[in-house]
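Now for the letters of each chain:
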Amino acid sequence: MALSKEKRQFGDFQTPDHLAQEVTHLLKQRYQLSPEMILEPTCGTGAFIRAALRHFPTAHILGRDINPSYIQDAQQSLVNYPDAHQVTLQQGDFFTIDWQGLLSKLSNHILILGNPPWVTSSELSRLNQQNLPAKSNHQNRRGIEAITGSANFDISEWMLLQFSQWLPPQSGILAMLCKSSVARKVVNQVQRNQSQPFSADIYIIDAKQHFNVSVDACLFVFRYDSSGDCLCHLYSSLDAPISSGAIGERNGILVRHIPQYDAWSHLIGQNLTYTWRSGLKHDCAKVMELEPVSEGQFINGMGQTYDLESTYLYPLLKSSDVGNGRTQNYRKVVLVTQTYIGEETHLIENIAPKTWRYLLDHSERLNKRKSSIYKNKPFYSIFGIGDYSFKPWKIAISGLYKSLAFQLISPLGDKPVMLDDTVNFLSFDNQAEAEFVLELLNSEPAQSCLDSMIFWNDKRPITIDILRRLSLQAVAQELGLLDLYTHWAKAIHVNRQGQLELGLF
Ligand SMILES: C[S@@+](CC[C@H](N)C(=O)[O-])C[C@H]1O[C@@H](n2cnc3c(N)ncnc32)[C@H](O)[C@@H]1O
């Protein structure tokens, strides 16, 4: 279903009544809540207002929304509710309301309830809309993000963080529908900023069923609690009786399954010899990726056939090939214009004139690439390229697929294979070494350790950061293969006499 620009700007997905009722029922039953005050900061047409009235009829209920007609609709929907006098609804913009002042005047037994807008700051910029907080150093973002102010965050993340700061300790509770990734970020941020213990739960909801959108969404319940364990307990649905895991912080990172992670935490460490990389980035598949049709002839993404030298063409495996284990053959080749980042490209003209002509033919499209990384770089630049790209053997895994299936990639057509930028890989000079490292990665300890850190419902669950946390040396030690590891990695290890030793090969 296509949403109007306005609906997208306001992240406008009204909660169906039955879901709001289910959520408030859960809050009453499981958390034994009896709030004196309920606040719905972006109440829309009022599903949570009605649900709150039904389950907590003695509470005072405050609702706000930016859209005056929603406030009107919500008001009208209360006419048959005998306790409607408990409700005050007003039009207001979240970002200009003095919530802190308002909260300080309200009862401490407060429930902040609702479903804040589902929209990100960059989506708003794309829509050229202003439904944003005044620029703040949200989340203390450092580096480029903070300098450029280009950090992409969910509006609801910002709202939830604000409320988490103002929530009265011991007696306030936050219960909101949001993306699971937003809930996790809020937990992570609270862990960093607050010294107070807290309790948090995530109940997965089916956003497709309730909102007709494919989003990993949840009910997030958060409160400060002197006996809280500072973990975020995960429930597979609103009526799941027991939690299926606990998300928490370890060494400054958010971990999906704390007990599982703790069991394998001795495998966490740095890899000095083996470095995970992401594949090639060119941002212009129509030009840079071609299908071989016959000897020396290639067809690009616009259906144009060209006669090209093979010098700059390499077999390409995309995420879908790697994710589906289709690694023995290739369907496409990719134009690799540089061997390292920033390398001058004009040499191509002499070495491979037909390839140069092809690039010239498409220079307009290539020069229009949006990302700022291409600015002030040689023409036809690519990224994610270096010595490692040209090594013959690779172990690759798609970042997009929901399984820890590492693939051994051999050279194809006598050339090293290139991978796209959603694939993570290690590269090797030697087949036997690659096979050995594959054995380590496919072992139960490595798989279980990595699995404990991966948020499988994320769009890109297998990130390079997660892969880099696993120490292959520690895995080899765990499996009793340290000697072999040292042999291949030429790593220093401690021998049985307690002396430092360099691996032999
Ligand atoms: C995801 S909808 C949910 C509405 C309602 N909470 C519910 O559960 O049905 C988000 C709501 O946020 C409102 N909204 C968006 N931006 C807002 C802002 N800056 N201030 C107040 N409300 C806003 C929209 O009008 C919309 O009703």
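All chains use their own residue numbering, which begins from 1 and follows the written sequence. Selection of residues for local features in this predicted model requires a pLDDT of at least 70, selection of side-chain atom pairs for listing and counting requires 80 or more, and totals for whole chains, interfaces and linings are taken over all residues. Side-chain calculation: all heavy atoms of the structure are included, whereas hydrogens and water are not.

*Asks:* How should the site of the ligand be read in this particular structure?
*Replies:* The cutoff for a nearby residue is simple: one of its non-hydrogen atoms must lie within 4 Å of the molecule or strand. Around the ligand, the structure places 23 residues, and the nearest of them are Thr15, Glu40, Thr42, Asp65 and Phe94. Nitrogen and oxygen atoms within 3.5 Å of one another constitute a polar contact, given that in protein one can donate a hydrogen and the other can accept it, and given that sequence-neighbouring residues count only through two side-chain atoms. At 2.5 Å from an oxygen atom of the ligand is found a side-chain nitrogen or oxygen belonging to Thr15. In the environment of the ligand, a nitrogen atom lies 3.4 Å from a nitrogen or oxygen atom belonging to the backbone of Asn115. Each accessible area value is a Shrake-Rupley result obtained with a 1.4 Å probe; residue values ignore everything except the protein chains displayed when judging cover. Protein contacts shield 99% of the accessible area of the ligand, which totals 590 Å² for the unbound molecule. When residues are grouped by polarity, Ala, Val, Leu, Ile, Met, Phe, Trp, Tyr, Cys and Pro land in nonpolar, Asp, Glu, Lys and Arg in charged, and all others, Gly among them, in polar. Split by residue class, the shell around the ligand holds 11 nonpolar, 8 polar and 4 charged.

*Asks:* What am I meant to see in the environment of Phe390 here?
*Replies:* Along the chain, the position of Phe390 falls in the loop between α16 (363-367) and β17 (393-398). Phe390 sits 38 residues away from Phe428 along the chain, and the two C-alpha atoms are 9.4 Å apart. Under the scheme used here, helices are H or I runs from DSSP no shorter than 4 residues and strands are E runs no shorter than 2 residues, and both carry numbers assigned from the N terminus.

*Asks:* Help me out: how do you make sense of the sheet that holds strand β1 (residues 37-40) in this one?
*Replies:* The strands making up a sheet associate through backbone hydrogen bonding, with each pair oriented either parallel or antiparallel. Pairing is mixed across the open sheet formed by 10 strands, whose spatial order is β3-β2-β1-β4-β5-β7-β6-β8-β9-β10. Only two strands of the sheet have a single neighbouring strand rather than two, namely β3 (87-91) and β10 (253-255). Direction aside, neighbouring strands of the sheet carry axes that sit 20 degrees apart on average. Any two strands with at least two DSSP bridges between them are considered paired. Bridge count for strand β9 (residues 245-250) against β10 is 3 bridges, and the pairing is antiparallel. Bridge pairing in β10 links Gly248 to Val255. Where helix α4 (residues 68-76) meets the sheet, its contacts fall on β2 (60-65) and β3, and the angle it forms with β3 comes to roughly 160 degrees. Lines fitted to C-alpha atoms define the axes, with helix axes restricted to the stretch in contact, and inter-axis angles between N-to-C directions lie between 0 and 180 degrees. Residue contacts are counted whenever heavy atoms from the two residues lie within 4.5 Å of one another.

*Asks:* Got a minute to help me understand unusual backbone geometry in this structure?
*Replies:* What is expected of a backbone is that most residues other than glycine have negative phi and most peptide bonds are trans. Look at Asn376: it is not a glycine, yet its phi comes out positive at around 55 degrees. Mapped onto the elements of the fold, Asn376 is located in the loop between α16 and β17. The phi angle at Asp414 is positive, at roughly 65 degrees, despite the residue not being glycine. One can find Asp414 in the loop between β18 (407-409) and β19 (418-419). Residue classification places Asp414 among the exposed residues on the basis of a relative accessible area of 81%. Each residue's exposure class comes from its accessible area (1.4 Å probe, protein chains only) as a fraction of the maximum for that residue type: buried when under 20%, exposed when over 50%, partly exposed otherwise.

*Asks:* Just checking my understanding: could you explain the sheet that holds strand β12 (residues 289-294) for this structure?
*Replies:* Judged by pairing direction, the sheet is mixed, and its 6 strands sit side by side in the order β14-β13-β12-β16-β15-β19 without closing on themselves. Since the sheet does not close on itself, it has two edges, and those belong to β14 (305-307) and β19, each with one partner. In terms of strand pairing, strand β13 (residues 297-300) meets β14 through 3 bridges, oriented antiparallel. Looking at the pairing, Ile299 lines up with Thr305 of β14.

*Asks:* Just checking my understanding: could you explain the environment of Lys391 for this structure?
*Replies:* Considering the arrangement of structural elements, one finds Lys391 in the loop between α16 and β17. For Lys391, a relative accessible area of 26% gives the class partly exposed. With residues near it in sequence (within four places) discarded, Lys391 still touches Pro416, Ser427, Phe428 and Asp429.

*Asks:* Can you help me understand the pairing of strand β5 (residues 173-179) in this one?
*Replies:* One face of the sheet, then the other: side chains in a regular strand alternate in exactly this way. Burial runs high along β5: 6 of the 7 residues are buried. Sheet topology note: the strand β4 (residues 110-114)/β5 ladder contains 4 bridges and is parallel. The residue of β5 that forms the bridge with Leu111 is Ile173. Here β5 runs beside strand β7 (residues 216-224); their pairing, made up of 6 bridges, is antiparallel. Within β7, the residue paired with Leu174 across the bridge is Phe222.

*Asks:* Explanation requested: the pairing of β2 in the structure shown.
*Replies:* Counting buried positions along β2 gives 5 out of 6 residues, so the element sits mostly inside the fold. Examined bridge by bridge, β1 and β2 share 4 bridges and lie parallel to one another. Note that in β2 the partner of Glu40 across the bridge is Gly63. Orient the strands so they point away from the viewer, and a crossover whose first-strand-to-second-strand path over the helix runs clockwise is right-handed. Taken together, β1, helix α3 (residues 47-55) and β2 constitute a β-α-β crossover, and its handedness is right-handed. Here 5 bridges tie β2 to β3, and the two strands are oriented parallel to one another. Bridging across to β3, Asp65 finds its partner in Gln91. Crossover handedness for the path β2 to α4 to β3: right-handed.

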